[in-house]
Amino acid sequence: MRGYIKAFLVLLLAALMLPAAAQEQEAAHRSTAQVCPTCGRGEHSCHPVGQAPAWSHEQTGEGPRYSRFPIPLKVYEEHEAGMNTAQKLLHRFRADPFNPAATLIFLLAILHTFLAPRFQQLAHFLDQRHKEQLRAEKFRILHPEQRVPVSFLSTLCHFLGEVEVVFGIWIIPFAFVCRHYYSMDDFLKYIDHDTGFTEPLFVAVIMVIASSRPIYRLAENTLKLGAKLGKGTPAAWWLSVLCIAPLLGSFITEPAAMTLAAILLGKKIYRLKPAESLKYATLALLFVNISVGGTLTHFAAPPIVMVAGKWDWGMGHMLLHFGWKAVLGIILANLLYFYLFRREFRRLAEVQRINEAYETHVPTSWEDRQDTIPVWVYAVSVLFLAWTVYFAHHPAIFIGGFLFFLGFTMATPQYQNAFSIKVPLLVAFFLAGLLILGGVQGWWMQPVLEGLAQFGSSITMGLAAILTAFNDNASVTFLAGTVPNLPEHIRYAIVAGAVTGGGLTVIANAPNPAGQAILGKYFRGISAMRLFFWALLPTVLLFLIFNLIC
């Protein structure tokens, strides 16, 4: 009892000291504040240790930057008056050799994502050859704690075949490029101060919370209402999940919607072992639908958040210009693929009937138990989810809430299922690597986006969708927000293209790695080309809806 009292007093003392600490930090900030060397205005922040930034807020057009790379876009623009897009690209290419080198690393990382299944196949081949070698040598376990030796080359190839680690791997050569053209100190400043990792942290936390049993059961019971219209068949569940879950992304954020939809599709569809074509079509539809499903509001989807404040787009604007078109496109795309796979769905219904007859004689797994979860457990779980979504831009707060959530799951084990933090961490690792490598691509992306304004809205939308396939759509809209005086129809075209192209590749939209990580176990290595192929049809359909319907 005394231990609890001491712990409570320590926490109380810490809480009382927080305001004082905040005042000390503010005082320290003021002591290091100085006049901006460029614009002459005061309150130009320095690094807390007194280190001045390499680029002032006047030069960046945003906040100060401490690393010398990438050179702010405004610095380039001062010498590019009258240049066309090609001339601007050539000027920036020559102005800083770091630019083409960093872009080459980025392109190699993208190529690596397409080759990931090949590495998985090679890993499987090497593993089989290693096992045959062990059998030929008549290997035997001689001690209970002895481990079977594994093939190092097989393990290495398996690691290289994991899509979630691709961009993290290419940070290593990127660091050498930074050191060659600048310095390791600049690389560390870029990582520590100029790159924000709030989104990867948020995705990791929301994936764990959204996959908890109370939240999953709540989503399952909600979507069951739609599945009941089709008598709970696999086709009914498929339509319910792919129609309703993406729209939830406009309210509970796209990563949470992706997590819930992927888990439900895994248990209701993929576990029945559908045809390989339906697996890819479902995954592609999920990616495309989630990307456009977040456009009903202005506060949930990252590509919308990047420009909504700058362009004064509220919820009314989003519903009028994007939301209802997204709903129409999602329904039509789902019905189109439903018609294409109608025979496969009939086969899955028969598989489900056989499985249900078998499960009446065989106990279900512990994770599939249907015992009642108290209302208060649901309420607290939803509270943690809402807390994380509300404070999505404040990592210290939502991570603190996440620690309390972990404590809550430990205190209510009878209502919880075991969850893995490995997959959310791998997804966060993927997004962090994408942020680091993608953050230095503005030198060529901004002129390209500026050049789009010279074309009509249709061409602009198409090129924006293509550009999104090779970079996160939030990066595309963010850079579009930095281009001054864009006509309203060009703004619409860029955002519409970015969200419609968000399902073409795994890197096109931030929640995509989460869906691939959850459903990847049902594939023998996900082929990027096959995923692109099955995503192309719904992407074109949504493109036509956003482009042709006023």
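Before any of the text, the structure's been laid out above.
Residues numbered from 1 in each chain as written. Predicted model: local features only at pLDDT ≥ 70, side-chain atom pairs only at ≥ 80, totals over all residues. Heavy atoms only, no water.

Draft legend 1. Looking closely at the side chain of threonine 460. Tracing the chain through its elements places threonine 460 in helix α22 (residues 457-469). Separated by 2.8 Å, the side chain of threonine 460 and the backbone oxygen of glycine 456 make a polar contact. Ignoring sequence-local partners within four residues, the contact set of threonine 460 consists of Leu452, Phe455, Ile490, Ala493 and Ile494. (Helix = DSSP H or I, 4+ residues; strand = E, 2+ residues; numbered from the N terminus. Polar contact = N/O pair within 3.5 Å; in protein donor to acceptor, adjacent residues only side chain to side chain. Contact = heavy atoms within 4.5 Å.)

Draft legend 2. Expanded view of the pattern of salt bridges. Under the defined criterion, the tally for this structure stands at 13 salt bridges. For aspartate 127, the salt bridge is made with lysine 131, and the minimal N-O distance between the two is 3.4 Å. With aspartate 127 and lysine 131 both in helix α5 (residues 98-136) and 4 residues apart, the pair spans about one turn of that helix. Of the charged contacts in the structure, one is a salt bridge between arginine 213 and aspartate 371, with a shortest N-O distance of 2.7 Å. One end of the pair, arginine 213, is in helix α11 (residues 213-227); the other, aspartate 371, is in the loop between α17 (342-359) and α18 (375-390), and 158 residues separate them in sequence. In this structure arginine 213 comes out as buried when scored by relative accessible area, which is 2%. Within the structure, one salt-bridge network assembled from shared partners comprises Arg213, Arg369 and Asp371. (Salt bridge = Lys/Arg side-chain N within 4 Å of Asp/Glu carboxyl O. Buried < 20%, exposed > 50% of the residue type's maximum accessible area, 1.4 Å probe, protein only.)

Draft legend 3. Region of the structure containing the packing of helix α10 (residues 198-210) against helix α19 (residues 395-411). Axis separation between α10 and α19 bottoms out at 10 Å; the angle between their running directions is 20 degrees. In terms of axis orientation, α10 runs roughly parallel to α19. Judged by the twist between their axes, the crossing of α10 over α19 is left-handed. Across from Thr198, Leu201, Phe202, Val205, Val208 and Ile209 in α10, the residues of α19 making contact are Pro395, Phe398, Ile399, Phe402 and Phe405. (Axes fitted to C-alpha atoms, helices over the stretch in contact; angles between N-to-C directions. Parallel < 35°, antiparallel > 145°, perpendicular 65-115°, else oblique. Left-handed = near helix turned anticlockwise from the far one by under 90°.)

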